[in-house]
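# Reading the structure
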Amino acid sequence: MKNEEIHYSSVRLIGPDGSQLGIVKRTEALQKASEYGMDLVLVSSGSNPPVCKIMDFGKYMYEQSKKQKKSKNVSDVLKQMKFRPKIDEHDYQTKLSHVRNFIESGNKVRITIMFRGREMAFTDKGKEILERISKDLADVAEVDSPPLLEGRDMRMGLRPKKVNYAKEVNVNEIKNEG
């Protein structure tokens, strides 16, 4: 709550620099906030009397939104890699290395096997490819969602194992230096 939304008769007022201005009437607190050209914001309604602070509310909300965007978890990003049932070995290894890089960066990955025409009769081949991928990436990834056939696509989800890669790199750098 801010400014006119605050309906307490008296509040403990904190100045824009963080200094205690004492317990004052709500009207006096609003007047001081307008003298500073800022807003009166309710910080704690549970205390007796409630605590209000004089601050630039727009700037405060902007900083809060920046913090929230910065603290977003990287693992919320979902990458996708598509394979075909008749994939060549070199193409498989190339795509597998891309998936490994995504996983090591902390991203979730959805693997999709796309079937066309008569390939739908060989869905077991697609399942073999997905099982091979999960075995090849077992050191860095675990299966998030098992292989499922949805229409003409077979999908499987992978997520990074609970390993902190940054710490692992630092340990290796220390070993190499010493």
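Our subject in this report is the structure included herewith.

Parameters at a glance
- Residues numbered from 1 in each chain as written.
- Predicted model: local features only at pLDDT ≥ 70, side-chain atom pairs only at ≥ 80, totals over all residues.
- Heavy atoms only, no water.
- Phe/Tyr/Trp six-rings, centres within 6.5 Å; stacked < 30°, edge-to-face > 60°.
- Buried < 20%, exposed > 50% of the residue type's maximum accessible area, 1.4 Å probe, protein only.
- Lys NZ or Arg CZ within 6 Å of the ring centre and 35° of its normal.
- Salt bridge = Lys/Arg side-chain N within 4 Å of Asp/Glu carboxyl O.
- Helix = DSSP H or I, 4+ residues; strand = E, 2+ residues; numbered from the N terminus.
- Contact = heavy atoms within 4.5 Å.

Considering all chains together, one arrives at 2 aromatic pairs under this definition. Relative to Y92, the ring of F83 has its centre 6.1 Å away and its plane inclined at 55°; by these criteria the two rings are tilted. Here F83 and Y92 have matching classes, each one buried. Its end group placed over the ring of Y92, R132 keeps NZ or CZ at 3.9 Å from the ring centre.

A separate point is the pattern of salt bridges. According to the stated counting rule, one finds 10 salt bridges in the structure shown. A salt bridge links R84 to E119, with the shortest nitrogen-to-oxygen separation between them at 2.7 Å. Here the residue R84 occupies a position in the loop between strand 5 (78-83) and helix 3 (89-104), and E119 occupies one in the loop between strand 6 (108-114) and helix 4 (123-136), the gap between them amounting to 35 residues. Overall, E119 belongs to the buried group, its relative accessible area being 14%. Across the pair R159 and E142 runs a salt bridge whose closest N-O atoms are separated by 2.9 Å. Separated by 17 residues along the polypeptide, R159 in strand 8 (residues 153-160) and E142 in strand 7 (residues 141-150) bring together distant segments of the chain. When salt bridges that share partners are traced, they join K108, E142, D144 and R159 into one network.

Inspection of the secondary structure assignment puts N3 in the segment before strand 1 (10-14). With near-sequence residues (within four places) excluded, N3 lies in contact with L30, D39 and L40.

Attention now goes to the environment of K125. Locating K125 in the fold gives a position in helix 4. K125 gets classed as partly exposed once you look at its relative accessible area, which sits at 38%. Linking K125 and R84, residues 41 residues apart in sequence, is a C-alpha distance of 9.7 Å.

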